[in-house]
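Letter by letter, the chains look like this.
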Amino acid sequence: MTLHRLTVHEAHELLRSREISSVELTQSVLAQIDRCDEQIRAYITVTPEIALEQARRADQRIASGEAGPLTGIPVAIKDNMCTRGVPTTCGSRILENFVPPYSATVVERLFEGGAVLVGKTNMDEFAMGSSTEYSAFFPTHNPWESSRVPGGSSGGSAAAVAADETLFALGSDTGGSIRQPAALCGVAGFKPSYGRVSRYGLIAFASSLDQIGPLTKDVRDCALVMNALAFHDPLDSTSASEPTPDYTSYLRDDLSGLVVGVPSEYFAEGLQAAVGERVRDAIGKLGELGAQVREISMPHEEYVVATYFLTSWAEASANLARYDGLKYGLSAPDAHDIHEAQSKARGRGFGTEVKRRIMLGTYALSSGYYDAYYLKAQKVRTLIKEDFDRAFAEGVDVVVGPTSPIVAFGIGEKVDDPLEMYLADLYTIPANLAGLPCISVPCGFDDGLPVGFQILGRPFAEGTVLQVAHAYEQSTDFHLQRPPIGL
Amino acid sequence: MKITRAEVEHIATLARLELTETEIEQLQSDLSQILEYVDQLNELDTTQVVPTAHVVPQEDVLREDVTRPSLPTEEVLSNAPQVEEGYFRVHAVLPGGER
């Protein structure tokens, strides 16, 4: 049996009934990594010893009848979430040798639930990018076609799930970094509402936008992982205290009574024709499942990218000020004073894209420019959020459209044109600016490359988003298709 | 929005980034291009708009002021490039100071 191909919920059933052991499951995943990862390069660090030790302990728990939904299940974690004793590089030279003395809350929670860490996944440096080409170490390849990017910045996590090199993964999403790679790799990727999942121990990029979420092989798995991740964490002051339901209770096959809003602005210039067609087909399916489909308008959509630029870069320039080569990270022992030491360490440790964003953010926050740039962006952010508030007030339950305007592009194709690369995020950014829960699920292929369908909900209505995604997914077989690798 | 070389150098000093000659030239061009793109926000009249501070309701979070266990000093210092007697050792802060 090819155990690595199982979903989380399928593996759980087999573990619980003792038909398989976690050690067998983990060995199968590690063998798949051995087979595929030389080509895919999804992982920065693979942790076989930790995995097998955790698997043995999980098997003991299962034997004593204490198996939770994630006990004994292999997981891959994006390399910007701290793992005690395991290198956490954030895809950057500046943190190449950083070994965290503590774990992120999400990591602690998964370990308490008995999950098995198989490795840390590749990413654009400091999560800044849409292709994983800005990793300081190496690019990750799309399992569907290895000359293409997997998307980013959680490209390693998405590729690992797509290539069955893990059962599920965690990613982080600041402007689409879970959903866009999920779309380009043909897996499910879920960004929860802002504050729904603790950010403690997540290496910060843009603190008003960052969220952690799951990448999985189907929507049921997303719901199961969210059950583990969603709770109030006193270690994160923005962590939400809203009650958390059992997200699997929303997984029904009927959408009657729900109103689906389709913004005309999400089908604008720049959208690949085939992507538009697959997404239109998916929307038609929602109608067949009982939902009422309604055309709506998001009049400020054309401003989301510029608003996101200014917001995320300003916040990033402040967050990344902590990398000074004094307490941890790359240092410059040849410097003469502290200013030179900091400038040298940062100049050597950060890559081109990170420097570009720090420079832009510093400029936007500098004396005389704050009102014109950062404050202006926060005002436009209010207008963008109000577009959603209006749609929800008029009875819309979910807003849908394409996740990415294009399918996976070629490695090297956009890397020298930052502005064009940034425009790949225009449909995923609004959920971050407005703090809304949002999922991408596979909705077909264009010439063998996956297309993603995005579903966005009201604040803290992750259940409704998962309901729509699950009902749609179960009416298709796109989530069951696998890339031609490591079979 | 044309950014001058002097502006790039000034921002780099503020951001504590040592840049190579090639990087300065590339950033001068990139920053000019990208700042021109974001200027489109000025098409919108936002004089009456309240800026977003938080997307979801936030309140101050307080806790009891009690001591709790923290990480051992050696673990906190384990990633530091230079350590001395349980402290981070840093470069001279004032001009003429000793390293």
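Residues numbered from 1 in each chain as written. Chains lettered and ligands numbered in written order. Predicted model: local features only at pLDDT ≥ 70, side-chain atom pairs only at ≥ 80, totals over all residues.

## What to know about the overall build of chain B
Okay, step 1: Each helix and strand counted, chain B has three helices and two strands in total.
Okay, step 2: If you list the helices and strands of chain B from N to C, you get α-α-α-β-β.
Okay, step 3: For 99 residues, the compact-globule estimate of 2.2 N^0.38 gives 13 Å, and the C-alpha radius of gyration of chain B, at 23 Å, exceeds that figure by more than 25%.
Okay, step 4: Seen along its three principal axes, the alpha-carbon backbone of chain B occupies a region of about 55 × 45 × 25 Å. (Helix = DSSP H or I, 4+ residues; strand = E, 2+ residues; numbered from the N terminus. Rg over C-alpha atoms; globule rule 2.2 N^0.38 Å.)

## Some points on the overall build of chain A
Okay, step 1: Within chain A, the regular secondary structure consists of 15 helices and eleven strands.
Okay, step 2: Dimensions along the principal axes, computed over C-alpha positions, put chain A at roughly 65 × 55 × 45 Å.
Okay, step 3: Sequence-distant contacts, at least 24 apart, represent 77% of the contacts inside chain A between residues at least 6 apart. (Contact = placed C-beta atoms within 7 Å.)

## A few points about the pairing of strand 7 (residues 259-263) of chain A
Residue and element names in this part refer to chain A.
Okay, step 1: Burial analysis of strand 7 places four of its five residues in the buried class, the great majority of the element.
Okay, step 2: Across five bridges, strand 7 lies against strand 8 (residues 292-296) in parallel orientation. Paired with Val-260 across the strands is Val-293, a residue of strand 8.
Okay, step 3: One crossover worth recording links strand 7 to the parallel strand 8 by way of helix 8 (residues 273-288), and it is right-handed.
Okay, step 4: In this structure, strand 7 lies alongside strand 9 (residues 398-402), joined through two bridges in parallel fashion. From the neighbouring strand, Gly-261 faces strand 9, where its bridge partner is Val-399. (Buried ≥ 20, exposed ≤ 12 C-beta atoms within 10 Å, placed from the backbone. Pairing = 2+ DSSP bridges. Right-handed = clockwise from strand over helix to strand, strands pointing away.)

## Things to note about unusual backbone geometry
Okay, step 1: Residues Gly-152 of chain A and Ser-153 of chain A are joined by a peptide bond in cis, for which omega reads 10°.
Okay, step 2: For Cys-90 of chain A, which is not glycine, the phi torsion reads 60° and is therefore positive.
Okay, step 3: Its place among the elements puts Cys-90 of chain A in the loop between strand 2 (74-78) and helix 4 (105-112).
Okay, step 4: You can call Cys-90 of chain A buried: it has 30 C-beta atoms within 10 Å.
Okay, step 5: Positive phi outside glycine occurs at Glu-85 of chain B, with the angle close to 50°.
Okay, step 6: Here Glu-85 of chain B lies in the loop between strand 1 (83-84) and strand 2 (87-88).
Okay, step 7: You can call Glu-85 of chain B exposed: it has 5 C-beta atoms within 10 Å.

## So, the environment of Ala-321 of chain A
All names here are of chain A.
Okay, step 1: In this structure, Ala-321 sits in the loop between helix 9 (304-319) and helix 10 (338-349).
Okay, step 2: Since 14 C-beta atoms lie within 10 Å of it, Ala-321 is described here as partly exposed.
Okay, step 3: Each C-alpha atom, one on Ala-321 and one on Gly-395, is 43 Å from the other, the two residues being 74 residues apart in sequence.

## A few points about the pairing of strand 11 (residues 449-457) of chain A
Residues and elements named next belong to chain A.
Okay, step 1: Counting buried positions over the nine residues of strand 11 gives nine, a clear majority of the element.
Okay, step 2: Where strand 9 meets strand 11, five bridges bridge the pair, whose relative direction is antiparallel. Within the sheet, the bridge partner assigned to Pro-402 lies in strand 11 and is Phe-453.
Okay, step 3: Inspection of the sheet shows strand 10 (residues 438-446) paired to strand 11 by seven bridges, in the antiparallel sense. The residue of strand 11 that forms the bridge with Phe-445 is Pro-450.
Okay, step 4: Adjacent in sequence and paired antiparallel, strand 10 and strand 11 are bridged by two residues, among which Asp-447 carries a positive phi angle near 55°.

## With respect to the packing of helix 2 (residues 22-40) of chain A against helix 3 (residues 48-63) of chain A
Residues and elements named next belong to chain A.
Okay, step 1: Remark: helix 2 packs on helix 3, axes separated minimally by 8 Å, with the N-to-C direction vectors making an angle of 155°. With respect to their mutual orientation, helix 2 and helix 3 come out roughly antiparallel. For the pair helix 2 and helix 3, contact is made by Ser-22, Val-23, Thr-26 and Leu-30 and by Pro-48, Ala-51, Leu-52, Ala-55, Arg-56, Ala-58, Asp-59 and Ile-62, respectively.
Okay, step 2: Here the residues of the contact of helix 2 with helix 3 sort into eight nonpolar, two polar and two charged. (Axes fitted to C-alpha atoms, helices over the stretch in contact; angles between N-to-C directions. Parallel < 35°, antiparallel > 145°, perpendicular 65-115°, else oblique. Nonpolar A, V, L, I, M, F, W, Y, C, P; charged D, E, K, R; others polar.)

## Comments concerning the confidence of the model for chain B
Okay, step 1: In this model, chain B carries a mean pLDDT of 91, and residues with pLDDT of at least 70 account for 95%.
Okay, step 2: Per-residue pLDDT, averaged within each element of chain B, yields its smallest value for helix 3 (residues 73-76) of chain B (93) and its largest for helix 1 (residues 5-14) of chain B (97). (pLDDT = per-residue confidence, 0-100.)

## With respect to the interface of chain B and chain A
Okay, step 1: With 42 residues of chain B in contact, the opposing surface of chain A contributes 54 residues.
Okay, step 2: The set of elements that each furnish at least two residues to the side of chain B that touches chain A consists of helix 1, helix 2 (21-38) and helix 3 of chain B.
Okay, step 3: A breakdown of the residues in the side of chain B that touches chain A according to their chemical character gives 28 nonpolar, eight polar and six charged.

## Quick word on the environment of Leu-52 of chain A
Residue and element names in this part refer to chain A.
Okay, step 1: Summarising the element assignment, Leu-52 is placed in helix 3.
Okay, step 2: In sequence terms Leu-52 and Gly-72 are 20 residues apart; their C-alpha atoms lie 9.8 Å from each other.
Okay, step 3: Not counting residues within four places of it along the chain, the set of residues in contact with Leu-52 comprises Val-23 and Thr-26.

## Thoughts on the packing of helix 1 of chain B against helix 2 of chain B
Residue and element names in this part refer to chain B.
Okay, step 1: Taken N-terminus to C-terminus, the directions of helix 1 and helix 2 make an angle of 105°; their axes are 9 Å apart at the nearest point. Between helix 1 and helix 2, the crossing angle belongs to the class labelled roughly perpendicular. For the pair helix 1 and helix 2, contact is made by Arg-5, Val-8 and Glu-9 and by Ile-24, Leu-27, Gln-28 and Leu-31, respectively.
Okay, step 2: Of the residues belonging to the contact of helix 1 with helix 2, the class tally is four nonpolar, one polar and two charged.

## Brief notes about the domain arrangement of chain A
All names here are of chain A.
Okay, step 1: For chain A, the domain assignment lists domain 1 (3-251) and domain 2 (302-376).
Okay, step 2: Between the C-alpha centres of domain 1 and domain 2 there is a distance of 28 Å.
Okay, step 3: Facing 19 residues of domain 1, the contacting portion of domain 2 comprises 17 residues. (Domains from an automatic or database assignment.)

## Some remarks on the sheet that holds strand 8 of chain A
Residues and elements named next belong to chain A.
Okay, step 1: The eleven strands lie next to each other as 1-3-2-4-6-5-10-11-9-7-8, forming an open sheet whose pairing is mixed. Lying at the two open borders of the sheet, with one neighbouring strand each, are strand 1 (43-46) and strand 8. Here the average twist between neighbouring strands, direction ignored, is 30°.

## Describing the nonpolar core
Residue and element names in this part refer to chain A.
Okay, step 1: In this structure, Val-75, Val-118, Ile-439, Ile-455, Leu-466 and Val-468 are the most contacted members of the largest nonpolar core, which totals 168 residues.
Okay, step 2: At eight residues, helix 9 tops the list of elements feeding residues into this core.
Okay, step 3: Two domains each put at least three residues into this core: domain 1 (3-251) and domain 2 (302-376).
Okay, step 4: Those residues in contact with Val-118 that lie beyond four places of it in its chain are Thr-26, Val-29, Leu-30, Ile-33, Val-46, Thr-47, Ala-51, Pro-74, Val-75, Ala-76 and Thr-166. (Core = buried A, V, L, I, M, F, W, Y, C linked by C-beta atoms within 7 Å.)

## Quick word on helix 12 (residues 371-393) of chain A
Side chains of residues three or four places apart in an α-helix project in the same direction, reflecting 3.6 residues per turn.
All names here are of chain A.
Okay, step 1: Look at helix 12: 31 Å from first C-alpha to last across 23 residues, which is about the 33 Å you get at 1.5 Å a residue.
Okay, step 2: Along helix 12, the residues that are buried comprise Tyr-373, Lys-376, Ala-377, Gln-378, Lys-379, Val-380, Arg-381, Thr-382, Ile-384, Asp-387, Phe-388 and Ala-391.
Okay, step 3: Taken together, the buried residues of helix 12 touch strand 7, strand 8, helix 9, helix 11 (352-365), strand 9 and helix 14 (429-434).
Okay, step 4: The positive-phi residue at the C-terminal boundary of helix 12 is Gly-395, with phi of around 100°. (Expected span 1.5 Å × (residues − 1).)

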